[in-house]
Amino acid sequence: MLDAAFHVVSRDGYRARLDEIAERADLTTGAVYSLFGSKNGLVVAVVADQLRPYYEEIEREVPAGLDLPAAVDAFARHYRRSCDGPDALPRLSLQITLLDMALHDPDLGAQLAASVRSQEEHLIALFTGRSYDGGTVTSPQARRLVTALRALFVGLTQGVTLGLAPDADEQYFADTARALASDVSLLS
């Protein structure tokens, strides 16, 4: 069901029809409502389904014991490698589609934001407790850092995927992310 929804929503955005999604999944629309409550509930489930394994990969790529700069470096390099994966363009398409859907349906936008924030708790936990500048990164500091890194990487990823940032290799991602993380005012 989630795969069918991913394909139809990525292609059609807010115009995606629930009956087509149900048909692709060999279910009835009633079954979709029973499982997800609404089309919006299904879209939110698709986002969580797409993000969950991505955040699990990040947790494997950024081992415990690294200080904050090394953890940010590993995270940035992983993020850049994802730009070259076979699913980079469909992920970007889904990202843009979801933004469009959120603009057309503020309630869905709020639900999507809550879903993404709950997944980002993994990143906040990943950076919390790491050593940095003679201290330890607190949860509020990690939250600020994750917000800044998300903004940076979403923009860079779009640029790489669309061919607008041809020189943004792993080293560029890592250098930019480390510079951002080293801004003490960001972590204050």
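Everything that follows concerns the structure shown earlier in this document.
Not measured: the values here are computed from a predicted model.

Peer 1: Quick one: what's the story with the overall build of the protein, residue by residue and with numbers?
Peer 2: In terms of helices and strands, the protein carries 10 helices and two strands. Along the protein, helices and strands appear, N-terminal first, in the series α-α-α-α-α-α-α-β-β-α-α-α. Here the protein, with 188 residues, has 40% of them falling under the buried criterion. In the protein, once contacts between residues fewer than 6 apart in sequence are set aside, the share between residues at least 24 apart is 67%. Total accessible area on the protein stands at roughly 9600 Å², and carbon and sulfur atoms take up 55% of it. Measuring between centres, the 17 positive side-chain charges of the protein sit 2 Å from its 26 negative side-chain charges.

Peer 1: Tell me about the side chain of Thr 97, and please be specific about residues and values.
Peer 2: Counting through the fold element by element, Thr 97 comes out in helix H6 (residues 88-104). Ignoring any residue separated from it by four or fewer positions in sequence, one finds Thr 97 in contact with Val 9, Ser 10 and Gly 13.

Peer 1: Go over the pattern of salt bridges, please, and point to the residues and values.
Peer 2: For the structure shown, the criterion picks out 14 salt bridges. Across the pair Arg 77 and Asp 73 runs a salt bridge, and its minimum N-O distance is 2.8 Å. Remark: Asp 73 and Arg 77 occur in helix H5 (residues 68-82); sequence separation between them is four residues, near one turn of the helix. One salt bridge in this structure joins Arg 77 and Glu 170, with 3.7 Å as the shortest N-O distance. Of this pair, Arg 77 sits in helix H5 while Glu 170 sits in helix H9 (residues 170-181), and the two are 93 residues apart along the sequence. The exposure class of Glu 170 is partly exposed, given its relative accessible area of 26%.

Peer 1: Let's hear about the nonpolar core: which residues, and what values?
Peer 2: Judged by nonpolar contacts, the single largest core of 52 residues is most densely connected at Ile 58, Val 72, Phe 75, Phe 127, Leu 149, Phe 153 and Phe 173. Contributions of two or more residues to this core are made by helix H1 (2-12), helix H2 (18-24), helix H4 (39-61), H5, H6, helix H7 (106-127), helix H8 (139-161) and H9. Ranked by the residues each element gives to this core, the list is headed by H4, at nine residues. With residues up to four places along the chain from it excluded, the contact list for Ile 58 reads Phe 75, His 78, Leu 123 and Leu 126.

Peer 1: How would you explain the packing of aromatic side chains if you had to name every residue and give the values?
Peer 2: The tally for this structure, following the rule as stated, stands at seven aromatic pairs. Between Tyr 54 and Tyr 55 the ring centres are 5.9 Å apart and the planes differ by 70°, which places this aromatic pair in the edge-to-face class. Here Tyr 55 falls in the buried class, since its relative accessible area comes to 8%. Taken together, the aromatic side chains of Tyr 54, Tyr 55, Phe 75, Tyr 79, Phe 127, Phe 153 and Phe 173 make up a single cluster linked through ring pairs.

Peer 1: Kindly report on the packing of H5 against H9, identifying the contributing residues and their values.
Peer 2: The relative placement of two packed helices is expressed as an angle between their axes plus a distance between the axes. The contact between H5 and H9 brings their axes to 8 Å, and the two run at 140°. With respect to each other, H5 and H9 are oriented oblique. Here H5 runs over H9; the crossing is right-handed. Contacts between H5 and H9 involve Pro 69, Val 72, Asp 73, Ala 76, Arg 77, Tyr 79, Arg 80 and Arg 81 from the former and Glu 170, Gln 171, Phe 173, Ala 174, Ala 177, Arg 178 and Ala 181 from the latter. Partitioning the contact of H5 with H9 into residue classes produces eight nonpolar, one polar and six charged.

Conventions and cut-offs
Residues numbered from 1 in each chain as written. Predicted model: local features only at pLDDT ≥ 70, side-chain atom pairs only at ≥ 80, totals over all residues. Heavy atoms only, no water. Helix = DSSP H or I, 4+ residues; strand = E, 2+ residues; numbered from the N terminus. Buried < 20%, exposed > 50% of the residue type's maximum accessible area, 1.4 Å probe, protein only. Contact = heavy atoms within 4.5 Å. Areas by Shrake-Rupley, 256 points an atom, 1.4 Å probe, with all protein chains shown as cover. Lys, Arg positive; Asp, Glu negative; His and termini not counted. Charge placed at Lys NZ, Arg CZ, Asp CG, Glu CD. Salt bridge = Lys/Arg side-chain N within 4 Å of Asp/Glu carboxyl O. Core = buried A, V, L, I, M, F, W, Y, C linked by side-chain atoms within 4.5 Å. Phe/Tyr/Trp six-rings, centres within 6.5 Å; stacked < 30°, edge-to-face > 60°. Axes fitted to C-alpha atoms, helices over the stretch in contact; angles between N-to-C directions. Parallel < 35°, antiparallel > 145°, perpendicular 65-115°, else oblique. Left-handed = near helix turned anticlockwise from the far one by under 90°. Nonpolar A, V, L, I, M, F, W, Y, C, P; charged D, E, K, R; others polar.

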